[in-house]
Amino acid sequence: MSDKHSGGERELSAWLATRSVERAVAGLQRQLHPRGPTSFLVDLASNDYLGLTKDSRVGHAAAQAALRWGTGAAASRLVTGSLQLHGELEAALTEFTGNEAALVFSTGYQANVGVISALADAQTLIVSDAHVHASLVDGCRLARAGGLEIVRHSDLEGVAAALKGRQHPRAMVLVESVYSVLGDAAPLVELGALVAEYDAVLVVDEAHAIAVAGQEGRGLVAAAGLAGRPDIVTTLTLSKALASQGGAVLGSTAVIEHLVNTARPFIYDTALAPAATAAALEALLVVQAEPALPQRVLELSARLAAGVGVATPAGAVLSVPMRSPEQALHAQAQLAEAGYRVGCFRPPSVPDGVSRLRLTARATLSDDQVDDVIGAITAITDAG
Ligand code: PMP
């Protein structure tokens, strides 16, 4: 290294090199693999659950919105970035999920961070399921809540004990309706009863459920009869089944009004781009016109789960445990050779430290493709 480099630069390079070696030794080094617009691999990895990212109706809606409204919203919502198009999407999401009001964010990640940090205060105990997504975890980190208790996954007694024994006047329970790694559903009916009993708020992330699970894909909050209750707040992403980009919070008018005024990821962020807004809106119309699409996802995920020997998931995602991060990577590569793109989840992206193949049962897969991939996975896991 030349003398031109400062001590700070040398320190940073050494530190980065050490972290990189540590990751490599643990089998946890990640790399980006940019793909082209088309692929020969059959997609069982993406979150495009309904196959709508390539739907011509959705594509045209996005293109037309970009031409009509501009390629960017050009300001934050509270400045001049609020478009009638955002209002249309919010109204459509409100109606679809059976809520009173909705607010669109520029990502699902921001929606989660925004809702938790805006609704929890120093008087609030946050009670979080151990398996919630990183965006909910980061929301807790930013919330400056009075307390945080992480309870074991789907442990109703743990939630009840935390709520009952709390020192704080307010409490907020965080769960996902369909968990992103294991694919299981939260016990929402029971959680709804618990928050009512202990005067708490329930925040449910429906990222993996919206347009997939519940009646006609309306989500599991609606299926549990909780939609529209003032103590239940739902978040969702527009980037999975709804084939776009962005997120939303759904709840009472009072909650949404509070978020508009206090949620920093909403206030200080440029509004969702017109093309993304219109794409999500069109995708929502397609889902309503074609309820067979979410139905097909659930049929295929049940078929895939039965074939690879794991529990039937509540949505599109399921995962197959592997012995080690290396085995998971190797299995992913073997499946790619067989023509299938599957996901590979390794720590820290797994809640229990177990590396896995992550499969998504997408509506556009055929029964034969699913059966073929089951055969390929079984051959890999049988061979150890
Ligand atoms: N919540 C869950 C459960 C998720 O899986 C994800 C995305 N992986 C998000 C929130 C974040 O959504 P987005 O990608 O729209 O930021």
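Residues numbered from 1 in each chain as written. Predicted model: local features only at pLDDT ≥ 70, side-chain atom pairs only at ≥ 80, totals over all residues. Heavy atoms only, no water.

A. Main features of the site of the ligand. For the ligand, the set of nearby residues contains 15 residues, the closest of which are Gly108, Asp205, His208, Thr237 and Lys240. Ser239 has a polar side-chain atom sitting 3.3 Å from an oxygen atom of the ligand. At three residues, the largest contribution of residues to the shell around the ligand is made by helix 5 (residues 108-119). Among the residues making up the shell around the ligand, the classes are represented as two nonpolar, ten polar and three charged. (Near = heavy atom within 4 Å. Polar contact = N/O pair within 3.5 Å; in protein donor to acceptor, adjacent residues only side chain to side chain. Helix = DSSP H or I, 4+ residues; strand = E, 2+ residues; numbered from the N terminus. Nonpolar A, V, L, I, M, F, W, Y, C, P; charged D, E, K, R; others polar.)

B. How the structure looks around the packing of helix 5 against helix 6 (residues 134-143). Remark: helix 5 packs on helix 6, axes separated minimally by 8 Å, with the N-to-C direction vectors making an angle of 35°. The two elements helix 5 and helix 6 meet at a crossing, and its hand is right-handed. Contacts between helix 5 and helix 6 involve Tyr109, Asn112, Val113, Ile116 and Ser117 from the first element and Ala134, Ser135, Leu136, Asp138, Gly139, Cys140, Leu142 and Ala143 from the second. (Axes fitted to C-alpha atoms, helices over the stretch in contact; angles between N-to-C directions. Left-handed = near helix turned anticlockwise from the far one by under 90°. Contact = heavy atoms within 4.5 Å.)

C. Just the sheet that holds strand 11 (residues 356-360), in detail. The strand order across the open sheet formed by four strands is 1-10-11-9, and the pairing between neighbours is mixed. Among the strands making up the open sheet, the edge pair consists of strand 1 (42-44) and strand 9 (317-321). Here the average twist between neighbouring strands, direction ignored, is 35°. Across five bridges, the pairing between strand 9 and strand 11 is antiparallel. Following the sheet pairing, Pro321 is matched in strand 11 by Arg356. The strands touched by helix 13 (residues 292-308) are strand 1, strand 9 and strand 11; relative to strand 9, the strand with the most contacts, the crossing angle is about 10°. (Pairing = 2+ DSSP bridges.)

D. Quick peek at the sheet that holds strand 8 (residues 247-251). Pairing within the open sheet is mixed, and its seven strands lie in the order 2-8-7-6-5-3-4. Edge positions in the sheet fall to strand 2 (101-105) and strand 4 (147-151), since each has one partner strand and no second. Strand-to-strand twist across the sheet, computed as the mean angle between neighbouring axes with direction ignored, equals 20°. Inspection of the sheet shows strand 3 (residues 124-129) paired to strand 4 by five bridges, in the parallel sense. Within strand 4, the position partnered with Ser128 by the bridge is Ile150. Running over the sheet, helix 4 (residues 84-97) touches strand 2, strand 7 (232-237) and strand 8 and is turned about 130° from strand 2. Strand contacts of helix 10 (residues 253-262): strand 2, strand 7 and strand 8, with the helix running at about 30° to strand 2, the strand carrying the most contacts.

E. Just the nonpolar core, in detail. Counting 52 residues, the largest nonpolar core has Val173, Val175, Leu188, Leu202 and Leu259 as its most contacted members. For Leu202, the residues in contact, after removing those within four places along its chain, are Val173, Val175, Leu191, Gly192, Val195, Leu226, Asp231, Ile232 and Val233. Listed in part, the 39 residues of the second largest apolar core include Leu52, Ala241, Val297 and Ala316. (Core = buried A, V, L, I, M, F, W, Y, C linked by side-chain atoms within 4.5 Å. Buried < 20%, exposed > 50% of the residue type's maximum accessible area, 1.4 Å probe, protein only.)

F. The environment of Ser56, seen in detail. Examined against the element boundaries, Ser56 turns out to sit in helix 2 (residues 56-69). By relative accessible area, which is 49% here, Ser56 ends up partly exposed. Residues Ser56 and Pro347 lie 291 residues apart in sequence; the distance between their C-alpha atoms is 37 Å.

G. Geometry of helix 14 (residues 325-337). Taking 1.5 Å of rise per residue, 13 residues should cover 18 Å, and helix 14 covers 19 Å from first to last C-alpha, within 8% of that figure. Looking at helix 14, one finds that the buried residues are Pro325, Gln327, Ala328, Ala331 and Leu335. Taken around the axis of helix 14, the buried residues stretch over an arc of 160°, which confines them to a single face. Against strand 10 (340-345), strand 11 and helix 15 (367-382) lie the buried residues of helix 14. Phi for Gly339, located one or two positions after helix 14, is positive at around 105°. (Expected span 1.5 Å × (residues − 1). Arc of directions from axis to C-beta.)

H. Region of the structure containing a nonpolar patch on the surface. There is a patch of nonpolar side chains on the surface, built from Leu12, Trp15 and Leu16 and spanning about 300 Å² of accessible area. Take Trp15: it is sitting in helix 1 (residues 7-25). (Patch = residues over 30% accessible without salt bridge, like charges linked within 9 Å, V, L, I, M, F, W, Y side chains within 5 Å. Areas by Shrake-Rupley, 256 points an atom, 1.4 Å probe, with all protein chains shown as cover. Salt bridge = Lys/Arg side-chain N within 4 Å of Asp/Glu carboxyl O.)

Distances and angles like these do not, on their own, reveal function.
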